[in-house]
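Spelled out from the first residue to the last, the chains are:
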Amino acid sequence: MKSIIHPESHMMSYGYKPELSEGAIKPPIFQTSTFVFKSAEEGKAYFQLAYGLREKEQNEELGLIYSRINNPNLEILEDRLCLWDQAEDCAVFESGMSAISTVLLEFLKPGDFLLYSMPTYGGTDHFITQFLKSIGVDSIGFSPDQTKEEIIELVEGTGKANNLSLIYIETPANPTNDLIDIEMCKAIAQHFESHEKPIYLAVDNTYMGPLWSNPLQFGADLIIYSATKYIGGHSDLIAGAVLANRELMGRVKVLRTFLGNMANPHTCWLLLRSLETLKVRMEQQALNAKAVADYLSQHAMVSKLYYLGGLSPGSRSSEIYNRQYKSAGAMIAFELNGGEQEAFQFLNNLKLIKLAVSLGSTESLAQHPASMTHIGVSKELKERIGITDGLVRLSIGIENSNDIIADIDYAMSKIENKTISKKILNIV
Ligand SMILES: *Cc1c(COP(=O)(O)O)cnc(C)c1O
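Student: I'd like to hear about the pairing of strand β7 (residues 240-244), residue by residue, with values.
Tutor: Across the 5 residues of β7, 5 count as buried, placing the element largely inside the fold. Along β7, one buried face is formed by Gly240, Val242 and Ala244 and the opposite face, lined by Ala241 and Leu243, is buried too. Here 5 bridges tie strand β1 (residues 89-93) to β7, and the two strands are oriented antiparallel to one another. Bridge pairing in β7 links Phe93 to Gly240. One ladder, built from 5 bridges, connects strand β6 (residues 222-226) with β7; its direction is antiparallel. In the strand pairing of β7, Ile224 is matched with Val242.

Right, here's the structure in full:
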């Protein structure tokens, strides 16, 4: 039997040849803008390939030209990221937002129509509803509680179904962990697409990937990451990534070349280092999150808990969860009795857990969605999806879980208005 090496075993050396770098066990930082050709003929051959003027010869790799097009740190990183999602190709960007905006710009032209899940990351929402709209790309959002039939009806109701070109989803949704069914979205794309006009499905997999969900398996065409989060994992860099088949990645990479928003060699080098511990970090974060969720589920001040590890069996969410995810992840949100005042008292009394936005890092973070990450969301949508003034979001890190819980316990004890709640648990 052929043994398949797991991605985590490949993260230390895959795609790197020490003999090309004086035997250094790790890739040096290739802090260079350009690369010297051995001959004019070689330079010509590289450019022909880069511009698609000839086919690759067997086993031929694109030669190094210029760091906006390619660089060893960028290429090794992209090869390693492909392993987790079993994707044919990957492009790394200087931020999650640049990965997202590049995909949206490549697959949507003026006159096209976009269907997207709500809520999305605030920056994505702004790009869709403000920038894309300003260049003539209209869109409509659906919410996690809507069924396939309802969403199809929604699109038809706009009169723009014929122009639908892209479906963009973010699952689990931030901050309440609502789940979107990727296979259902693929079926919606297939419902509207024709032979002449494919409709692609893009999934922002930042919350669960690349370890716990691999959307290509469920019919997604493009996976997008903010690599600032779990992939980077140390709150010390900003980066993004897109993965897909060779054809779609060819398009994404050409646009990246001309927007010039690739990640720089140093960021790529940091990400290579992060990838070596990705699995152990994420697994410990998930274990800690389970302990924290267990604690919160018993706390008298908590009226609602949003955690994927305890969905009611038989519910639609639980069915999607079992199919799409391998872990409950490390993101938790909970509603405190009271409102903003109680939530702020809690947040201001945390000592170990830092009060900051972002997520997926080694340190635990807490924030207040209604007044921070989701301040731009309309009042109506906030109510619909449960972003209340008492809602707190936690990203659980790799500290000792007893210390995280003790920190939460202390901050809870500092809340002045201690109404005991009627608990509704695990509502997602
Ligand atoms: C942070 C985040 C982004 C944006 O990524 P940046 O790296 O900050 O540009 C996009 N989507 C999700 C789900 C995120 O959490």
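Student: Any chance you could break down the domain arrangement of the protein chain for me, citing the residues and the numbers?
Tutor: Interfaces are frequently sized by the accessible area removed from exposure as the parts join. The domain architecture assigned to the protein chain consists of domain 1 (7-22 + 67-275), domain 2 (33-66) and domain 3 (279-427). Domain 2 and domain 3 are separated by 50 Å when their C-alpha centres are compared.

Student: Kindly report on the site of the ligand, identifying the contributing residues and their values.
Tutor: Taken together, 14 residues lie around the ligand, and Met97, Asp204, Ser226, Thr228 and Lys229 are the ones closest in. Take Gly96: an N or O atom from its main chain is 2.9 Å from an oxygen atom of the ligand. Between the ligand and Thr228 there is a distance of 2.6 Å, counted from an oxygen atom to a side-chain nitrogen or oxygen. The protein chains hide 93% of the 380 Å² of surface that the ligand would expose on its own. The biggest single contributor to the shell around the ligand is helix α4 (residues 96-107), with 3 residues.

Student: I'd like to hear about the side chain of Lys229, residue by residue, with values.
Tutor: Of note, Lys229 is situated in the loop between β6 and β7. Excluding its chain neighbours within four sequence positions, the residues that come into contact with Lys229 are Tyr121, Thr206, Ser358, Leu359 and Gly360.

Student: Summarise unusual backbone geometry; cite the residues concerned and give the values.
Tutor: Along the chain, Asn174 connects to Pro175 via a cis peptide bond; the corresponding omega equals 5°. Examined against the element boundaries, Pro175 turns out to sit in the loop between β4 (164-170) and α7 (182-192). Cis rather than trans, the peptide bond between Gly209 and Pro210 has omega equal to -5°. Mapped onto the secondary structure, Pro210 falls in the loop between β5 (200-204) and β6. Phi angles above zero are rare outside glycine, and Gln86 is one such case at about 50°. If you trace the backbone, Gln86 turns up in the loop between α3 (72-85) and β1. Residue class for Gln86 comes out exposed when judged on its relative accessible area of 67%. The backbone of Asn177 shows a phi angle near 60°, a positive value even though the residue is not glycine.

Student: Can you tell me about α7, naming the residues and giving the values?
Tutor: By the burial criterion, the buried members of α7 are Ile182, Met184, Cys185, Lys186, Ile188, Ala189 and Phe192. The opening residue of α7, the one whose side-chain oxygen lies 3.0 Å from the backbone nitrogen of Glu183, is Asp181.

Student: So what about the sheet that holds strand β11 (residues 365-367)? Which residues, and what values?
Tutor: Two modes of strand pairing occur in sheets, parallel and antiparallel, and in both the strands are linked by backbone hydrogen bonds. Strand order in the open sheet formed by 5 strands is β8-β9-β12-β11-β10, and the pairing between neighbours is mixed. In this open sheet, the two strands that pair with only one neighbour each are β8 (302-306) and β10 (354-355). When β10 meets β11, the two strands line up parallel, connected through 2 bridges. Looking at β11, one finds that Lys354 is bridged to Leu365. Along the sheet face, helix α12 (residues 340-348) touches β9 (331-336), β10, β11 and β12 (391-395) and points at about 130° away from the line of β9.

Student: Talk me through the sheet that holds strand β3 (residues 138-142); I want residue IDs and the actual numbers.
Tutor: With mixed pairing, the 7 strands of this open sheet are ordered in space as β1-β7-β6-β5-β4-β2-β3. The open sheet has two edge strands with one neighbour each: β1 and β3. Across the sheet, the axes of successive neighbouring strands diverge by a mean angle of 20°, strand direction being ignored. With 4 bridges joining them, strand β2 (residues 113-117) and β4 adopt parallel strand pairing. Directly across from Phe113, in β4, lies its bridge partner Leu164.

Student: How would you summarise the pattern of salt bridges if you had to cite specific residues and measurements?
Tutor: Tallied over the full model, the rule gives 19 salt bridges. Among the salt bridges present, the one from Glu78 reaches Arg256, with a minimum N-O distance of 2.9 Å. Placement of Glu78 in helix α3 and of Arg256 in helix α8 (residues 246-259) is noted, with a sequence separation of 178 residues between them. With a relative accessible area of 2%, Arg256 lands in the buried category. Close ionic contact of Arg323 with Glu183 constitutes a salt bridge, the shortest N to O distance being 2.8 Å. A residue pair is termed long-range when its members are at least 10 positions apart, and Arg323 in helix α11 (residues 316-324) and Glu183 in helix α7 qualify at 140 residues. What makes Glu183 partly exposed here is its relative accessible area of 37%. Salt bridges here are not isolated pairs; linked through shared partners, they connect Glu78, Asp89, Lys253 and Arg256.

Scoring rules and cut-offs
- Sequence order as written defines residue numbering, which begins from 1 separately in each chain.
- Whole-chain, interface and lining totals are the exception, using all residues; otherwise, since this is a predicted model, local features are given only for residues with pLDDT of at least 70 and side-chain atom pairs are given and counted only at 80 or more.
- Working from all heavy atoms in the structure, the side-chain values ignore hydrogens and water.
- We call a residue buried when its accessible area falls under 20% of the maximum for its residue type, exposed when it is over 50%, and partly exposed in between, using a 1.4 Å probe and counting protein chains only.
- The secondary structure listing takes helices from DSSP runs of H or I that are at least 4 residues long and strands from runs of E that are at least 2 residues long, numbered from the N terminus.
- Here, a strand pair is defined by DSSP locating no fewer than two bridges between the strands.
- These domain limits were set by an automatic method or by a database of domain assignments.
- What makes a residue near a molecule or strand is one non-hydrogen atom of that residue sitting within 4 Å of it.
- Polar contacts, as counted here, are pairs of nitrogen or oxygen atoms within 3.5 Å of one another; within protein the pair requires one atom able to donate a hydrogen and one able to accept it, and residues that are adjacent in sequence qualify only if both atoms are side-chain atoms.
- All accessible-area figures derive from a Shrake-Rupley calculation using a 1.4 Å probe, and residue coverage is judged against the displayed protein chains alone.
- Whether two residues are in contact is decided by their heavy atoms: any pair within 4.5 Å suffices.
- Whenever a helix is involved, its axis is fitted only over the stretch in contact; in every case the axis is a line through C-alpha atoms, and angles between N-to-C directions fall within 0 to 180 degrees.
- Salt bridge, as used here, is a side-chain nitrogen of Lys or Arg placed within 4 Å of a carboxyl oxygen of Asp or Glu.

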